Amino acid sequence: MAILYDFPMKFLLTLQESLKIHSKRNAFFIDGTYFTYGQLDIKISQIRYAIQNEIPPSEKLIGLVTNDDLETYAGIIALWFEGKAYVPINPIYPIDRNNQILKLTDSSYVLDSSSDSAYKTKFKVLNTNTSGPVVSQSLKPNLNLGEPIDLAYILFTSGSTGTPKGVPITLENLNGLVRALDRDELFNLKPSDRCLQMFELTFDFSLVTYLPPLLYGACVYTIPKNAIKHFYIFKLISEQELTVLTMVPSIIQFLRPYFGEIHSTSVRYCSFGGGKLYNDIAESWSACIPNCQIFNYYGPTEFTVYSGYYPYDADKKKKSNNGIVSIGKPFYGVDYLVVDTNNNEVSVDTVGELCLSGIQITSGYWKDPERNKSAFFTRQENGALKRYYKTGDLCYKDTDGDYIYVGRADFQVKIRGYRVELGEVEYHVKKKLSGIDVVVIDITDDLGNTELGLAVCSEELDLKPVLSYLKEMLPPYMIPTQFLYVQQFPHSVNDKIDMKALRSLFNNSKLKK
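Residues numbered from 1 in each chain as written. Predicted model: local features only at pLDDT ≥ 70, side-chain atom pairs only at ≥ 80, totals over all residues. Heavy atoms only, no water.

Visitor: Would you mind going over the overall build of the chain with me for this structure?
Guide: If you tally the helices and strands in the chain, you get 13 helices and 27 strands. Expected size for 513 residues packed as a compact globule is a radius of gyration near 24 Å; at 23 Å, the chain falls within 12% of this value. Looking at the chain as a whole, 58% of its 513 residues qualify as buried. Surface summary for the chain: the accessible area is close to 22,100 Å², and the carbon and sulfur share equals 50%. Of the side-chain charges in the chain, 53 are positive and 58 negative, and the distance between the mean point of each set is 2 Å. (Helix = DSSP H or I, 4+ residues; strand = E, 2+ residues; numbered from the N terminus. Rg over C-alpha atoms; globule rule 2.2 N^0.38 Å. Buried < 20%, exposed > 50% of the residue type's maximum accessible area, 1.4 Å probe, protein only. Areas by Shrake-Rupley, 256 points an atom, 1.4 Å probe, with all protein chains shown as cover. Lys, Arg positive; Asp, Glu negative; His and termini not counted. Charge placed at Lys NZ, Arg CZ, Asp CG, Glu CD.)

Visitor: Looking at this model, I keep getting lost on the environment of Lys367. Mind explaining?
Guide: Relative to the assigned elements, Lys367 resides in the loop between β19 (352-357) and α10 (369-375). Overall, the relative accessible area of 58% leaves Lys367 in the exposed class. In this structure, the C-alpha to C-alpha distance between Lys367 and Pro133, residues 234 residues apart in sequence, is 38 Å. A polar contact is formed between the side chain of Lys367 and the side chain of Asp106, at a distance of 2.8 Å. (Polar contact = N/O pair within 3.5 Å; in protein donor to acceptor, adjacent residues only side chain to side chain.)

Visitor: I'm lost on the layout of surface pockets in this one. Help?
Guide: Space left empty within the atom packing is revealed by a probe, the size of a water molecule, rolled over the atoms. Roughly 300 Å³ of volume is contained in the second largest pocket. Here the element with the most residues in the lining of the second largest pocket is strand β21 (residues 384-397); it accounts for four residues. (1 Å grid on protein atoms, 1.4 Å probe; cavity = no way out; pocket = protein on both sides within 12 Å on 5 of 7 lines; lining within 4 Å. Points joined across faces, edges and corners; volume = space filled by probe spheres on them.)

Visitor: Whenever I open this one, the packing of helix α3 (residues 70-81) against helix α6 (residues 206-216) confuses me. Can you help?
Guide: Each packed pair of helices is defined by two parameters, the angle between the axes and the distance between the axes. Look at α3 against α6: their axes get within 12 Å of each other, and the N-to-C directions meet at 70°. The orientation of α3 relative to α6 falls into the category roughly perpendicular. The crossing of α3 and α6 is right-handed. Taken together, the residues of α6 that come into contact with α3 (itself represented by Tyr73, Ile76, Ile77 and Trp80) are Leu207, Tyr210, Leu211 and Leu214. Looking at the contact of α3 with α6, its residues break down into eight nonpolar, no polar and no charged. (Axes fitted to C-alpha atoms, helices over the stretch in contact; angles between N-to-C directions. Parallel < 35°, antiparallel > 145°, perpendicular 65-115°, else oblique. Left-handed = near helix turned anticlockwise from the far one by under 90°. Contact = heavy atoms within 4.5 Å. Nonpolar A, V, L, I, M, F, W, Y, C, P; charged D, E, K, R; others polar.)

Visitor: When you look at the sheet that holds strand β27 (residues 482-486) in this model, what are you seeing that I'm missing?
Guide: By definition, the strands of a sheet pair up through backbone hydrogen bonds, in either a parallel or an antiparallel sense. Pairing in this open sheet of three strands is mixed, and the strands run β25-β26-β27 from one edge to the other. Two strands lie at the open edges of the sheet, namely β25 (438-444) and β27, each paired on one side alone. Each neighbouring strand pair of the sheet contributes to a mean axis angle of 30°, computed without reference to strand direction. Bridge count for strand β26 (residues 450-457) against β27 is five bridges, and the pairing is parallel. Of the residues in β27, the one forming a bridge with Leu454 is Phe483. Sheet contacts for helix α11 (residues 422-432): β25 and β26; angle to β25, the most-contacted strand, approximately 135°. (Pairing = 2+ DSSP bridges.)

Visitor: Sorry if this is basic, but what is going on with the pattern of salt bridges here?
Guide: Side chains bearing opposite charge may pair, as long as their charged atoms lie close to each other. For the coordinates displayed, the defined rule picks out 22 salt bridges. The closest approach of N and O atoms between Lys319 and Asp402, which form a salt bridge, is 2.7 Å. Here the residue Lys319 occupies a position in the loop between β14 (308-312) and β15 (320-321), and Asp402 occupies one in the loop between β21 and β22 (403-408), the gap between them amounting to 83 residues. Taking the relative accessible area as the measure of exposure, Lys319 reaches 21% and is therefore partly exposed. In this structure, the salt-bridge partner of Glu353 is Lys390, at a minimum N-O distance of 3.3 Å. (Salt bridge = Lys/Arg side-chain N within 4 Å of Asp/Glu carboxyl O.)

Visitor: Would you explain the side chain of Thr72 in this entry?
Guide: Considering the arrangement of structural elements, one finds Thr72 in helix α3. Classification of Thr72 by relative accessible area gives buried; the value is 2%. With residues up to four places along the chain from it excluded, the contact list for Thr72 reads Leu64, Val65, Thr66, Asn67, Ser113 and Leu201.

Visitor: Would you explain the packing of helix α1 (residues 10-21) against α3 in this entry?
Guide: The geometry of α1 relative to α3 is characterised by a closest axis approach of 11 Å and an angle of 130° between their N-to-C directions. Between α1 and α3, the angle is such that the two are oblique. The hand of the α1/α3 crossing is left-handed. Of α3, the residues touching α1 (which contributes Phe11, Leu12, Leu15, Gln16 and Leu19) are Ile77, Trp80 and Phe81. Counted by class, the contact of α1 with α3 contains seven nonpolar, one polar and no charged residues.

Visitor: What am I meant to see in the state of the cysteines here?
Guide: Disulfide: a covalent bond formed between the sulfur atoms of two cysteine residues. This structure, assessed with the given rule, holds zero disulfides. Distance from the sulfur of Cys395, which forms no disulfide, to the nearest cysteine sulfur (Cys355) is 9.8 Å. (Disulfide = S-S within 2.5 Å.)

Visitor: Explain the pairing of strand β24 (residues 418-421) to me, please; I cannot follow it from the model alone.
Guide: Along a regular strand, successive side chains alternate from one face of the sheet to the other. Residues Tyr418 and Val420 line one face of β24 and the alternating positions Arg419 and Glu421 line the opposite face, and both faces are buried. As defined by bridge partners, strand β23 (residues 412-415) adjoins β24 across four bridges and the pair is classed as antiparallel. By the bridge assignment for β24, Lys414 is matched with Arg419.

Visitor: Help me out: how do you make sense of helix α12 (residues 464-473) in this one?
Guide: Since the α-helix advances by 3.6 residues per turn, residues separated by three or four positions end up pointing in the same direction. When we look at burial in α12, the residues that qualify are Val466, Tyr469 and Leu470. All buried residues of α12 fall inside an arc of 100° around its axis, so they share one side. Those residues of α12 that are exposed and aimed more than 90 degrees away from the buried face are Lys464, Lys471 and Glu472. At its buried positions, α12 is contacted by α11. (Arc of directions from axis to C-beta.)

Visitor: Is there a simple way to explain empty space enclosed by the protein in this structure?
Guide: All chains considered together, the criterion is met by four cavities of 30 Å³ or more. Of the pockets and cavities examined, the largest cavity occupies roughly 260 Å³. Phe156, Thr157, Thr202, Tyr418 and Tyr477 are, among the 24 residues lining the largest cavity, the residues nearest its centre. Among the residues forming the lining of the largest cavity, the class breakdown is twelve nonpolar, eight polar and four charged. The volume enclosed by the second largest cavity comes to roughly 100 Å³. In this structure, the second largest cavity is lined by 14 residues; those nearest its centre are Phe187, Val208, Thr209, Val244 and Thr246. Of all the secondary structure elements, the ones that give two or more residues to the lining of the second largest cavity are β9 (194-197), α6 and β11 (244-247).

Geometry only, nothing functional implied.
In structure tokens form, the structure reads like this:
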């Protein structure tokens, strides 16, 4: 089934239509319980009624506590239908950080399904876990408020100054993503699909694990927050016979001990993103899902989740660089450009920074004009100005038009699929270790996953107060797990810290232990 998206609000109309057509089908499987599209529709209508009666039309950015329940997903859709955007805040993150995010967006209202919201002292909380009146079942999404510039959400990622940076995504951006996925001949969802949703809603990859399935009448299977994620995924694959998997590559490392027990013939599609996919692990995993097509998707938060992909085929020669699977080609309507340090296009097979252009590009970082100057640029193409986002990823384009990932151009890394600015972690460490040089670096653990290491230029000292402070200020994935003490940091010939040599010191330190 193909859906045509002619204007920015069309996907919302399709979503509302899907709620009606598939009312008796299961929409979600959450913590062992199924919820139908009809139940989801009623909950959306109840929340819309509350929004209309309790939140002024002028309030556009609404905080959303991202619990793993039907009310939270219904809250997202209800906000869209009412011409509002959500600002996701994870309840397991430090409340001071979440308050900071809500303050940055001038949000006064918060949707929360919790029985006793932690945000009621500073914000006006609308409890979504209550029954109540519903809006008219024939009421369409608020098209009068829905313009191309209207926001769908603002996600906050790690910022190097210690302040999270916001990425606003519009309905038009999101519609561009849905349209690109819909017209892809290799990837087509259907109502009988059972789709994995393993991501926190503060992570942009969550969008593609619940929105396209809901548009097509499929069922979304979520992971409880208190569950051991990789074990729960293993359980869902085997017991619920999932057909569509969307995962970060690192989760496969944790599933590796179960490879001998996994032979899931039900899986049709498996999409990876949010990190480097290595050939060897992809090949081993493909044997566990023999009837599956595997896709290596690529795309930053600033470009609305996905911008293109590489179809991985274990039986054919795979394109890769240093064992990392190619990121393939861009979607229809998306332009990739590899540039040098002066933003000039480089030739084929020449490494440069990958830049993206198209309808999915964000308008810019939230209230951060200085960062926007460095992250975006325009150039003349075919008599018109085209705007590009600089990804910070080093790539090259081969003679077949595929793009090969080489590495990062900056000190931004991905931990468990989440993007982390090493400078932000260093910023907070230095607040507690004043006068002591520190470096936060990405290193690889014994399973091949990326973790953070903290190198301290000092004799060994007690880091417990530092770690306690970090846990108050940062999400769990941003807390260093490996520690190294050195007399001085290794430097390269151009007087920069030699990160490769520093990683070797970490590796040697672990071997000694």
